[in-house]
Amino acid sequence: MKKFISFGIALPVAMILVIWSCGTDSTEEAEVPQVYSFNPTPYVIPDVAYFPKNLNIPSDNPMTIEGVELGRYLFYDGRLSGNTSKDMLMSCATCHVQKNGFEAGMDNPRFINGKTFGLPTEEYPEGEPTPNYMLPLVNSVYNQNGFGWNGFINESNEYRGNEEFNVPATKEFHYKNIESMVWMSITASHEMNSTIEKSVAAIDAIPMYKAKFKAAFGTEDVNYDRISKSIAQFVRSIVSYNSKFHKYLRQEADLTAQEKKGHDLFFSEDADCFHCHGGSVLMTTNEYFNNAKDKSFDPKEKNRFSVTGDPMDIGAFRAPSLINIELTAPYMHDGRFKTLDEIIDFYSEGLVYSDYVHPLMKNVRQKGVQLNDDDKAALKAFLLTLTDNELIQSPQYACPPELVKWNGQASVN
Amino acid sequence: MLKFQFILFVFGVFIIFSSCTKNDDQDNEVKSGKLVFNFEHFANGEELSYDQMIYTNAAGNQYEVSEIQWFISDITLHGKDGSKLLLDPEKFAHYIDTNIPETFTWSISDKIPAGEYQSISMTFGIRGEKNKPYMFTDPPESNMLWPMNLGGDQGGYHYMKLNGFWKNKDNQREPFNFHLGVGQERDADNNVIGFVQNWFETELPNSAFSIEKNETKSITIRMNVDKWWDQPNIYNHDEHGGKIMQNQNAMRMGVENGKNVFSLGKMTSIVK
């Protein structure tokens, strides 16, 4: 009887609990579609033999297929400059041209000899020249050592905003990573010469982006944070690993005798390129060197010294990746060399000593590595094997067809 | 009843054995310590000062040091009974870079059995069979690549890059790259016909030590930079110039001197 009473009490209580529990579930189920409907697909950087395994992907901006795709559209959309008139469009791709290894290139119809400038301003009706020539965007996802010629953009940088360009010193306007370069490009007078508000409003006004922002970030809201993150995702997706040299390393291609001779010169102290440009398959160490270009240095120059304060960094700049070097002229931060031949001649017999020269420039007292004509031709032949034709033709990185008229490239307008 | 007693007996035995096993584990746990190696760079008996032309080597060359990047590997403890304990065999090699202070410490992941050890030995560089090209995919280690055309398939990485300047015979400040790695055998036409493994093992002088259970011992390994150019070979930068990766004779001199380069610095107990 006692058992029966207990059971008689327990059963209804249990049923109430079950029903209440079910009721709770059903309430949650009603909310589930809203909470969990945002499920973007992770974007995976290919795991390629010999390539770095540590990727520069911030924890607050994981790569997704939807984010990369939105970033691709924004990368090519000249309305990011806040303008809609044809002669005032500027996108990332206006300067970073795929067929030129994502640099302007010597053949650029808008930027003669690869010298870029911003949209017209009152002070500069033809556009203010950008201070330095371009750096390649490819393989940025593998770079852990700062961005820009002097590495000013890096994770330990605590600066925020820019008073000159009316950008507030708030946390989203940092100088830490690829995301930072988006606001810097939008607001710089020598680039898009816009404001954050104007550019965000311009993108917000384009109906097709609603669905793309929702797919990438869960809602249709357009804001600066999402714009910068998606463009950074697209830039990180641009990886180059299919040059002839890379295929040679993977035993998928052979070098000609002349290319092999150039390879052996490059990877030896005879031409001695590899200490700065060949430590990894990225064809750069991403380190900073004074490479014996000059005898004296302008104290106002924004070289590596302006970041570190170390006198040994005076006149030092990043050693850029040589992948696609055939396409990325002019060379050096100031574009002083227009051809591969000029570059090779410089390292062969054009070095000049200063007290700040990096010790890896060990031939500086001999003015260079002193290559003969055959060596120079071989070295050039090897450098040409660094072109990744698959990258520069890949539709994965190309301008979306519906944006061609909006991307601000003189060649397609 | 007998069956019940048997089950009780088996259960009791199980409890006792499992209890013993646990005690053994605990004993092993408490009878070991940890080792942390630190690295420092000296010249003429004092801590190295960088980028200052204040040193003179045995050949009379004035010199300054800009940076040193090098690999130590296969640190081994030698017991009094002749036993050897290879430390951190999975990692096996540690990269040290004077530009990156974080590299000045190698915390050994192994538990070190408590007891007395007669000596510590190390390998300068990386043994050939472990020195595989492109095994390091990420910087900074990947930047130490020693190209295959100079080192074959057992010479993947520099043992050391020691970069600086010396006052040459014309009294000019000239860069030198004292880079050590696999050397080349060459024929009369200077073609590479073989490779020379230049890594070496060295026993650290006066490196006997003991470690107690639960102790973390910090041991400092010191590179005495001036010794690279001192004994037994007097190395003259004017003679060998700024680059030696393809000069086995110069590298051989450095490697022979290298056996006198390393000594023991401070040895302290961090946690007890």
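Residues numbered from 1 in each chain as written. Chains lettered and ligands numbered in written order. Predicted model: local features only at pLDDT ≥ 70, side-chain atom pairs only at ≥ 80, totals over all residues. Heavy atoms only, no water.

Peer 1: Help me understand the overall build of chain A, please; the structure alone is not making it clear to me.
Peer 2: When its secondary structure is counted, chain A shows 14 helices and two strands. For chain A, buried positions account for 54% of its 413 residues. Excluding contacts between residues fewer than 6 apart, the proportion of contacts in chain A whose partners are at least 24 apart in sequence is 64%. Of the roughly 19100 Å² of accessible surface on chain A, a fraction of 56% belongs to carbon and sulfur atoms. (Helix = DSSP H or I, 4+ residues; strand = E, 2+ residues; numbered from the N terminus. Buried < 20%, exposed > 50% of the residue type's maximum accessible area, 1.4 Å probe, protein only. Contact = heavy atoms within 4.5 Å. Areas by Shrake-Rupley, 256 points an atom, 1.4 Å probe, with all protein chains shown as cover.)

Peer 1: Got a minute to help me understand the overall build of chain B in this structure?
Peer 2: Per the secondary structure count, chain B includes four helices and 17 strands. Out of the 272 residues in chain B, the part that is buried amounts to 50%. Taking contacts inside chain B between residues at least 6 apart in sequence as the whole, the part at least 24 apart equals 71%. Only carbon and sulfur atoms are counted for the fraction: they give 51% of the accessible area of chain B, which is about 12900 Å².

Peer 1: It is not clear to me how the interface of chain B and chain A should be interpreted in this structure. Could you clarify?
Peer 2: How big an interface is tends to be expressed through the accessible area that disappears when the partners come together. Every contact between the two is made by 28 residues of chain B and, on the other side, 35 residues of chain A. With both sides pooled, the region where chain B packs onto chain A buries about 2600 Å², and carbon together with sulfur makes up 53% of that total. Its largest share of buried area at the contact with chain A, chain B owes to B:Y134, B:R173 and B:K243, together 23% of the area lost on that side. Our enumeration of links across chain B and chain A arrives at zero salt bridges. On inspection of chain B and its partner chain A, the count reaches 18 residue pairs in polar contact (both at pLDDT 80 or more). Looking at the side of chain B that touches chain A, the elements that each hand over two or more residues are strand 4 (62-79), helix 2 (148-151), strand 10 (160-167) and strand 11 (173-180) of chain B. Among the elements that take part in the side of chain B that touches chain A, strand 11 of chain B stands out by supplying five residues, more than any other. A class-by-class count of the residues in the side of chain B that touches chain A yields eight nonpolar, 13 polar and seven charged. (Buried area = accessible area lost by both parts, 1.4 Å probe. Salt bridge = Lys/Arg side-chain N within 4 Å of Asp/Glu carboxyl O. Polar contact = N/O pair within 3.5 Å; in protein donor to acceptor, adjacent residues only side chain to side chain. Nonpolar A, V, L, I, M, F, W, Y, C, P; charged D, E, K, R; others polar.)

Peer 1: What is the right way to look at unusual backbone geometry in this model?
Peer 2: Only a minority of non-glycine residues have a phi that is not negative, and only a minority of peptide bonds are not trans. With an omega of 5°, the peptide bond between B:P139 and B:P140 qualifies as cis. Along the chain, B:P140 turns up in the loop between strand 9 (115-124) and helix 2. Note the cis peptide between B:Q231 and B:P232, where omega equals -5°. With respect to the element layout, B:P232 can be found in the loop between strand 16 (216-224) and helix 3 (237-240). One non-glycine residue with positive phi stands out, namely A:M283, at about 60°. Counting through the fold element by element, A:M283 comes out in the loop between helix 10 (274-277) and strand 1 (288-289). By relative accessible area, A:M283 is classed as buried at 0%.

Peer 1: Got a minute to help me understand the confidence of the model for chain B in this structure?
Peer 2: Detailed conclusions should not be drawn from predicted coordinates in areas where pLDDT is low. Across chain B, pLDDT averages 91, with 88% of residues at or above 70. For the stretch residues 12-28 of chain B, pLDDT sits under 50, and the model shows zero contacts to residues farther than four places along the chain or on other chains. (pLDDT = per-residue confidence, 0-100.)

Peer 1: Looking at this structure, how should I read the nonpolar core?
Peer 2: With 159 residues, the main nonpolar core has B:F37, B:W70, B:W228 and B:F262 as its most contacted residues. For this core, the element with the most residues is strand 4 of chain B, which contributes eight residues. Residues from two domains meet in this core; each of domain 1 (65-240 + 395-406) and domain 2 (244-387) of chain A gives at least three. Non-local contacts of B:F262, meaning those with residues more than four positions away in its chain, are made with B:W70, B:M122, B:F124, B:F200, B:T202, B:L204, B:P205, B:I221, B:R222, B:M223, B:N224 and B:W228. (Core = buried A, V, L, I, M, F, W, Y, C linked by side-chain atoms within 4.5 Å. Domains from an automatic or database assignment.)

Peer 1: How should the packing of aromatic side chains be read in this particular structure?
Peer 2: Taken as a whole and assessed by the stated rule, the structure comprises 45 aromatic pairs over all chains. On the numbers, 5.5 Å between centres and 80° between planes, the contact of B:F178 with B:W229 is edge-to-face. One end of the pair, B:F178, is in strand 11; the other, B:W229, is in the loop between strand 16 and helix 3, and 51 residues separate them in sequence. When the ring centre of A:Y353 is taken as reference, the NZ or CZ atom of A:R365 above it lies at 3.7 Å. (Phe/Tyr/Trp six-rings, centres within 6.5 Å; stacked < 30°, edge-to-face > 60°. Lys NZ or Arg CZ within 6 Å of the ring centre and 35° of its normal.)

Peer 1: What is the right way to read the pairing of strand 14 (residues 200-203) of chain B from this model?
Peer 2: On any regular strand, side chains alternate: one points to one face of the sheet, the next to the other face. Residue and element names in this part refer to chain B. On strand 14, burial follows the alternation: F200 and T202 on one face are buried, whereas E201 and E203 on the facing-out side are not. With four bridges connecting them, strand 9 and strand 14 associate as antiparallel partners. Bridging from a neighbouring strand, T123 pairs with E201 of strand 14. (Pairing = 2+ DSSP bridges.)

Peer 1: Would you take a moment to explain helix 2 (residues 65-76) of chain A for this structure?
Peer 2: All names here are of chain A. Here helix 2 contains 12 residues, and its C-alpha end-to-end distance of 17 Å stays within 8% of the 16 Å for a straight helix at 1.5 Å per residue. Burial within helix 2 is extensive, with nine of its 12 residues counted as buried. Where helix 2 is concerned, the buried positions are G67, V68, L70, G71, R72, Y73, L74, F75 and Y76. (Expected span 1.5 Å × (residues − 1).)

Peer 1: Sorry, what's going on with the side chain of B:Q69 here?
Peer 2: All names here are of chain B. Mapped onto the elements, Q69 comes out in strand 4. The exposure class assigned to Q69 is buried, which follows from its relative accessible area of 9%. In contact with Q69, other than residues within four places in its own chain, are Y95, I96, D97, N99, M144, Y159, M160, K161 and N163.

Peer 1: Please explain the environment of B:K111 as it appears in this structure.
Peer 2: Residues and elements named next belong to chain B. By the secondary structure assignment, K111 is in the loop between strand 7 (105-107) and strand 8 (112-113). A residue is classified by how much of its surface remains accessible, and K111, at 49% relative accessible area, is partly exposed. Along the primary structure K111 and L35 are separated by 76 residues, whereas in three dimensions their C-alpha atoms are 8.0 Å apart.

Peer 1: Any chance you could explain the packing of helix 2 of chain A against helix 7 (residues 224-237) of chain A here in plain terms?
Peer 2: Pairs of packed helices are described in terms of their axes, by the angle between the two and the distance that separates them. All names here are of chain A. Look at helix 2 against helix 7: their axes get within 7 Å of each other, and the N-to-C directions meet at 100°. Here helix 2 lies roughly perpendicular to helix 7, going by the angle between them. Contact residues: helix 2 offers G67, V68, L70, G71, R72, L74, F75 and Y76, while helix 7 offers I227, S230, I231, Q233, F234, V235 and S237. Counted by class, the contact of helix 2 with helix 7 contains nine nonpolar, five polar and one charged residues. (Axes fitted to C-alpha atoms, helices over the stretch in contact; angles between N-to-C directions. Parallel < 35°, antiparallel > 145°, perpendicular 65-115°, else oblique.)

Peer 1: Can you help me understand the packing of helix 12 (residues 340-349) of chain A against helix 13 (residues 373-384) of chain A in this one?
Peer 2: All names here are of chain A. Orientation of helix 12 relative to helix 13, taken along the N-to-C sense of each, is 130°, at an axis distance of 10 Å. As judged from the angle between their axes, helix 12 and helix 13 are oblique. By crossing handedness, the relation of helix 12 to helix 13 is classed as right-handed. From helix 12, L340, D341, I344, D345, S348 and E349 reach across to helix 13, where they touch K376, L379, K380, L383 and L384. Classifying every residue of the contact of helix 12 with helix 13 gives five nonpolar, one polar and five charged. (Left-handed = near helix turned anticlockwise from the far one by under 90°.)

Peer 1: Explanation requested: the state of the cysteines in the structure shown.
Peer 2: Simply put, the disulfide is a covalent bond whose two ends are the sulfur atoms of two cysteines. Residues and elements named next belong to chain A. Within this structure, the stated rule accounts for zero disulfides over all chains. Looking at C92, it has no disulfide partner, and the nearest cysteine sulfur is the one in C95, 9.0 Å off. For C95, a relative accessible area of 13% puts it in the buried group. (Disulfide = S-S within 2.5 Å.)

Peer 1: Help me out: how do you make sense of the side chain of A:S228 in this one?
Peer 2: Looking at the element boundaries, A:S228 is found in helix 7. Setting aside its immediate chain neighbours within four residues, A:S228 contacts A:E179 and A:V182.

Peer 1: Which parts of the structure should I look at to understand the pattern of salt bridges?
Peer 2: Between side chains of opposite charge, a pair can form as their charged atoms come close. All names here are of chain A. Inspection of the entire model under this criterion finds 29 salt bridges over all chains. For K362, the salt bridge identified is with D272, shortest N-O distance 2.4 Å. A residue pair is termed long-range when its members are at least 10 positions apart, and K362 in the loop between helix 12 and helix 13 and D272 in the loop between helix 9 (257-266) and helix 10 qualify at 90 residues. Take K362 and D272: they sit in the same class, and that class is buried.

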